[in-house]
Amino acid sequence: RSKSQGRGAFRFFEAGMDQSLQARRSLEGDLRQALARGEFELFYQPIVAAGSLQVLGFEALLRWFHPGRGAVPPAEFIPVAEEIGLIHAIGDWVLRQACREAARWPDGCRVAVNLSAAQFRRGDLAGSVSAALAEAGLAPARLELEITESVFLDDSADNIALLHRLRGLGVAISLDDFGTGYSSLAYLNRFPFDKIKIDRSFIRDMAEDRHGLAIVRAVVSLGASLGIRTLAEGIETAEQLERLRQEGCSELQGYHLGRPMPAPRLPALLERGVARRLHDAA
Ligand code: C2E
Ligand code: MG
Ligand code: MG
Ligand code: MG
């Protein structure tokens, strides 16, 4: 009896494996079609100056709207795109689209684009970036590239050389999700970043435990002594906002200041400005 139960359980397990494999294959298939079918869209989240609360620019965040699946979060499909090598085509589309849309914004308003470490591994990233800028007629100073420390984990020397080439184009390089990796401090010594984005886990922890606040303070003061701007990510409350302004972060971002939104909603926001909006809300 126990034998047959065991066999049944085994078969069930196999069927389960089949299902998850099938689901994965189907996701891959849909992802391969997504670009051609125009299912991708960039949303933009405001980045504001800590002092004036003026909008300095927007971070481009990729959205995939699949007719059957609905909105698939980037955390689900970007790792798959990386594994199947599709991140190069998708990443190029993101760069071109972000530059094209940013070219319509007021002068000086910047756009931040996320790069995956896989984009450093193949192809001509510097070529893609300069082509996207040229095609859109966007000044390089208006583009920021966000990378995480995963870029340093493999082909480190090559990737650092590539970062210098990108910087040489006149774009800014930000270190995203700072503090979540294994040895973030070491990376600050290996490349002259323009900006450190303090991971939102530290912002979230600021209220409950004092370590969050201590870490934010340490990073802000580190940035100040290295001449690197610091941005606090994931600001969700008025308390966090006030605190981080006091702590001397240069830039702020989070749902409390503005959620990621589709491009058509930007002109209205740019006209009235985030500072006005917050003032009105108070
Ligand atoms: P990220 O670059 O660190 O982006 C910030 C993420 O935090 C975004 O999630 C954003 O919507 C979310 N966020 C912003 N403010 C708040 C807040 O106040 N509270 C909370 N809880 N979340 C907030 P999203 O859009 O789901 O993107 C997740 C990650 O996917 C990004 O993290 C980035 O690593 C990656 N990603 C997004 N777009 C692209 C892209 O075009 N290319 C690549 N390679 N990666 C991308
Ligand atoms: Mg980012
Ligand atoms: Mg981040
Ligand atoms: Mg992230």
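Residues numbered from 1 in each chain as written. Chains lettered and ligands numbered in written order. Predicted model: local features only at pLDDT ≥ 70, side-chain atom pairs only at ≥ 80, totals over all residues. Heavy atoms only, no water.

Regarding the pattern of salt bridges
In this structure the tally under the stated criterion is 21 salt bridges. The residue Glu247 makes a salt bridge to Arg217 at a minimum N-O spacing of 2.9 Å. Taken together, the residues span a long stretch of sequence, with Glu247 in helix α10 (residues 238-247) and Arg217 in helix α9 (residues 210-226) at a distance of 30 residues. For Arg217, a relative accessible area of 40% translates into the label partly exposed. Counted as one network, the salt bridges with shared partners bring together Arg110, Glu144, Lys195, Arg229 and Glu251. (Salt bridge = Lys/Arg side-chain N within 4 Å of Asp/Glu carboxyl O. Helix = DSSP H or I, 4+ residues; strand = E, 2+ residues; numbered from the N terminus. Buried < 20%, exposed > 50% of the residue type's maximum accessible area, 1.4 Å probe, protein only.)

Describing the site of ligand 1
Surrounding ligand 1, one finds 22 residues, the nearest of these being Arg63, Asn114, Asp176, Glu236 and Tyr255. In this structure, Glu59 approaches ligand 1 through a side-chain N or O atom, which is 3.0 Å from an oxygen atom. Burial of ligand 1 by the protein amounts to 82% of the accessible area it has alone, namely 800 Å². Those elements that provide at least two residues to the shell around ligand 1 are β2 (55-66), α2 (74-83) and β6 (172-178). In terms of residues, the shell around ligand 1 owes the most to one element, β2, which gives 4 residues. Here the shell around ligand 1 is composed, by residue class, of 9 nonpolar, 5 polar and 8 charged. (Near = heavy atom within 4 Å. Polar contact = N/O pair within 3.5 Å; in protein donor to acceptor, adjacent residues only side chain to side chain. Areas by Shrake-Rupley, 256 points an atom, 1.4 Å probe, with all protein chains shown as cover. Nonpolar A, V, L, I, M, F, W, Y, C, P; charged D, E, K, R; others polar.)

Here we look at helix α6 (residues 156-168)
Here α6 contains 13 residues, and its C-alpha end-to-end distance of 18 Å stays within 8% of the 18 Å for a straight helix at 1.5 Å per residue. Of all the residues in α6, the buried ones are Ser156, Asn159, Ile160, Leu162, Leu163 and Leu166. The arc that holds the buried residues of α6, viewed along the axis, is 160°, so those residues lie on one side. In this structure, α6 carries Ala157, Asp158, Arg165 and Gly168 as exposed residues pointing more than 90 degrees from its buried face. Close packing links the buried residues of α6 with α4 (118-121), α5 (125-136), β5 (143-147) and β6. (Expected span 1.5 Å × (residues − 1). Arc of directions from axis to C-beta. Contact = heavy atoms within 4.5 Å.)

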